[in-house]
Amino acid sequence: MQVLSIAGNVGKDAVLRTTEKGDKVLGFSVAVSNGKDKDATWYDCSVWGKRAENLEPHIKKGGKLALSGRPTVRVHEGKPYLGLSVNELAFMGGSAARDEHDQRAPAEQPGGGYDLNDDIPF
C-alpha cells in the first residue's frame, strides 16, 4: 500500500458533495511549496463519509494542513492531476481562517488532528 504525506495551504474552500449512491465526499485542493522561486505542486484531496461532513466547515482557503493518505492520479485532456484520498488530517494553524475555526471547531484530538477512524468499531 502506498501512503503519501503532504503539508500545504488550502487553495479554496472545501466543497461537500453527495454521490449518486448517497455517499458524502469533501473535495479541496492543497498547494505544496517546492521552495523559493519554484511552482507549487497541487493535489486534489478528498475525504469520504461522516468525516467529510464534520470537516467541511473547517477547511477554508489559506488554511494550513498536514495530510496523509493514498495517492491518486487522473488524466484529463492529456494532463495528469495528482490527488490524495485522505486518511489523516491535522490543522497546522497560521492563517486568519484557522483562527476563526479555533472558536467553533468541534472537539479535536490533542495536537490538532481529527480522528478519521472514529466510525470504525474495532
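Data block above holds the structure.
Structural notes, computed from the coordinates. Fair warning: this is a prediction, and the values are worked out from it, not measured in the lab.

Quick word on the overall build of the protein
Next up, step 1: Scanning the protein from terminus to terminus reveals two helices and six strands.
Next up, step 2: Expressed as a percentage of the 122 residues in the protein, the buried residues total 34%.
Next up, step 3: Considering only residue pairs separated by 6 or more positions, the protein has 56% of its internal contacts joining residues 24 or more positions apart.
Next up, step 4: Total accessible area computed for the protein in this model is approximately 7,800 Å², and 49% of it derives from carbon and sulfur atoms.

Some details on the packing of aromatic side chains
Next up, step 1: According to the stated counting rule, one finds zero aromatic pairs in the structure shown.
Next up, step 2: Here R74 stacks its cationic end above the ring of Y81, 4.5 Å away from the centre of that ring.

Digging into the pairing of strand β3 (residues 24-32)
Next up, step 1: A large share of β3 lies buried, amounting to eight of its nine residues.
Next up, step 2: Across two bridges, the pairing between strand β1 (residues 4-10) and β3 is antiparallel. Directly across from N9, in β3, lies its bridge partner A31.
Next up, step 3: Sheet topology places strand β2 (residues 15-18) next to β3; four bridges connect them, and they run antiparallel. Paired with V15 across the bridge in β3 is G27.
Next up, step 4: Note: β3 against strand β4 (residues 41-48), eight bridges, orientation antiparallel. Each bridged residue has a counterpart across the sheet, and for V30 the counterpart in β4 is Y43.

Brief notes about the pattern of salt bridges
Next up, step 1: Going through the model one piece at a time under the given rule, you end up with one salt bridge.
Next up, step 2: Among the ionic pairs, D44 bridges to R74, the shortest N-O distance being 3.5 Å. With D44 in strand β4 and R74 in strand β5 (residues 64-76), this pair connects stretches of sequence that are 30 residues apart.
Next up, step 3: Judged by relative accessible area, R74 falls into the partly exposed class, the value being 45%.

Regarding the side chain of S85
Next up, step 1: Within the element layout of this structure, S85 appears in strand β6 (residues 79-91).
Next up, step 2: Assessed through its relative accessible area of 15%, S85 is described here as buried.
Next up, step 3: Beyond its immediate chain neighbours, meaning those up to four positions away, S85 contacts S46, W48, S68, G69 and R70.

What counts, and at which threshold
Residues numbered from 1 in each chain as written. Predicted model: local features only at pLDDT ≥ 70, side-chain atom pairs only at ≥ 80, totals over all residues. Heavy atoms only, no water. Helix = DSSP H or I, 4+ residues; strand = E, 2+ residues; numbered from the N terminus. Buried < 20%, exposed > 50% of the residue type's maximum accessible area, 1.4 Å probe, protein only. Contact = heavy atoms within 4.5 Å. Areas by Shrake-Rupley, 256 points an atom, 1.4 Å probe, with all protein chains shown as cover. Phe/Tyr/Trp six-rings, centres within 6.5 Å; stacked < 30°, edge-to-face > 60°. Lys NZ or Arg CZ within 6 Å of the ring centre and 35° of its normal. Pairing = 2+ DSSP bridges. Salt bridge = Lys/Arg side-chain N within 4 Å of Asp/Glu carboxyl O.

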